[in-house]
Amino acid sequence: SQILTSAETTDTWRIRDLLTSKQGWLFIIPWGLLGIASTGGVMAFIPYLMESGMERITAAGYYSIASIISCGGSILLGVVDAKKGPKVAAVIYAACYMVGYAIAFLMHGNTIGVFVGLTIAVAAGGANANLCTSLISNQYGRANYNQAWRVLFTGQNLLRSLCYLGIGTITAVLGSYSYVCL
């Protein structure tokens, strides 16, 4: 399969080309896993805070605060994307999840520690679709964007959908939302 650079404008990508290219899978797998981290964190946020001792209404309030922070994180990553490129922004995005979930897991039982960890994890969450768009257009160019987007973003979302199965299995087998952070 040939890989086009963003400078080339031919409109030749087919589904098979995208799914058999190294770059296609280097988009689908990491972004699918980051999608799992993003969706998993959002789904488990309130139950995890409740396991750490918060009442449901307080946990929902903390989730609202984290959501507001994630709007700012999305804007900040957009600036990084524009100034330093999508790859740098993607590394920061992934680092937020790794550091945040590690803190949340290590601080289990400490309500504020868990909140801080989960807030760091979801701080960049709003940037997911924006960074996906930027990476695809940067890699495949504007002329190839539509073909690449429909295949790669769908592949990424199919992998991300495993999140629901994973969270249900982890909490059923291990009995705690704290393990979802791993």
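Residues numbered from 1 in each chain as written. Predicted model: local features only at pLDDT ≥ 70, side-chain atom pairs only at ≥ 80, totals over all residues. Heavy atoms only, no water.

J.: Help me understand the layout of surface pockets, please; the structure alone is not making it clear to me.
T.: It is the rolling of a water-molecule-sized probe over the atoms that shows where space remains empty. Computed from the structure, the largest pocket encloses a volume of approximately 400 Å³. In this structure, the largest pocket is lined by 15 residues; those nearest its centre are L26, F27, W31, K87 and L135. Looking at the lining of the largest pocket, the element that brings in the most residues is helix 2 (residues 22–51), giving six residues. Taken together, the residues of the lining of the largest pocket sort by class into eleven nonpolar, three polar and one charged. (1 Å grid on protein atoms, 1.4 Å probe; cavity = no way out; pocket = protein on both sides within 12 Å on 5 of 7 lines; lining within 4 Å. Points joined across faces, edges and corners; volume = space filled by probe spheres on them. Helix = DSSP H or I, 4+ residues; strand = E, 2+ residues; numbered from the N terminus. Nonpolar A, V, L, I, M, F, W, Y, C, P; charged D, E, K, R; others polar.)

J.: Sorry if this is basic, but what is going on with the packing of aromatic side chains here?
T.: For the structure shown, the criterion picks out eight aromatic pairs. Plain terms: the ring middles of W31 and Y93 are 5.2 Å apart, the flat faces sit at 25° to each other, and that makes the pair stacked. Pair noted here: W31 is in helix 2 and Y93 is in helix 4 (residues 86–106), with a separation of 62 residues, a long-range link. Residue W31 is classed as buried on the basis of its relative accessible area of 4%. (Phe/Tyr/Trp six-rings, centres within 6.5 Å; stacked < 30°, edge-to-face > 60°. Buried < 20%, exposed > 50% of the residue type's maximum accessible area, 1.4 Å probe, protein only.)

J.: Honestly, the confidence of the model for the chain in this entry has me stumped. Any pointers?
T.: Close inspection of predicted coordinates is inappropriate in any region flagged by low pLDDT. Across the chain, pLDDT averages 84, with 92% of residues at or above 70. By mean pLDDT, helix 8 (residues 162–174) is the weakest element of the chain at 84, and helix 7 (residues 145–160) is the strongest at 91. (pLDDT = per-residue confidence, 0-100.)

J.: For this particular structure, what's the right way to read the pattern of salt bridges?
T.: As a working rule, side chains carrying opposite charge can pair if their charged atoms are close by. Applying the stated rule across the entire model yields one salt bridge. A salt bridge links D17 to R14; the nearest nitrogen and oxygen atoms lie 3.4 Å apart. Judged by its relative accessible area of 46%, R14 is partly exposed. (Salt bridge = Lys/Arg side-chain N within 4 Å of Asp/Glu carboxyl O.)

J.: Please explain the environment of Y93 as it appears in this structure.
T.: For Y93, a relative accessible area of 0% gives the class buried. Taking the C-alpha atoms as reference, Y93 lies 8.7 Å from L34; in sequence the two are 59 residues apart. In this view, Y93 contacts W31, L34, S38, L77, A124, G125, A127, N128 and L131; residues no more than four positions away in its chain are not counted. (Contact = heavy atoms within 4.5 Å.)

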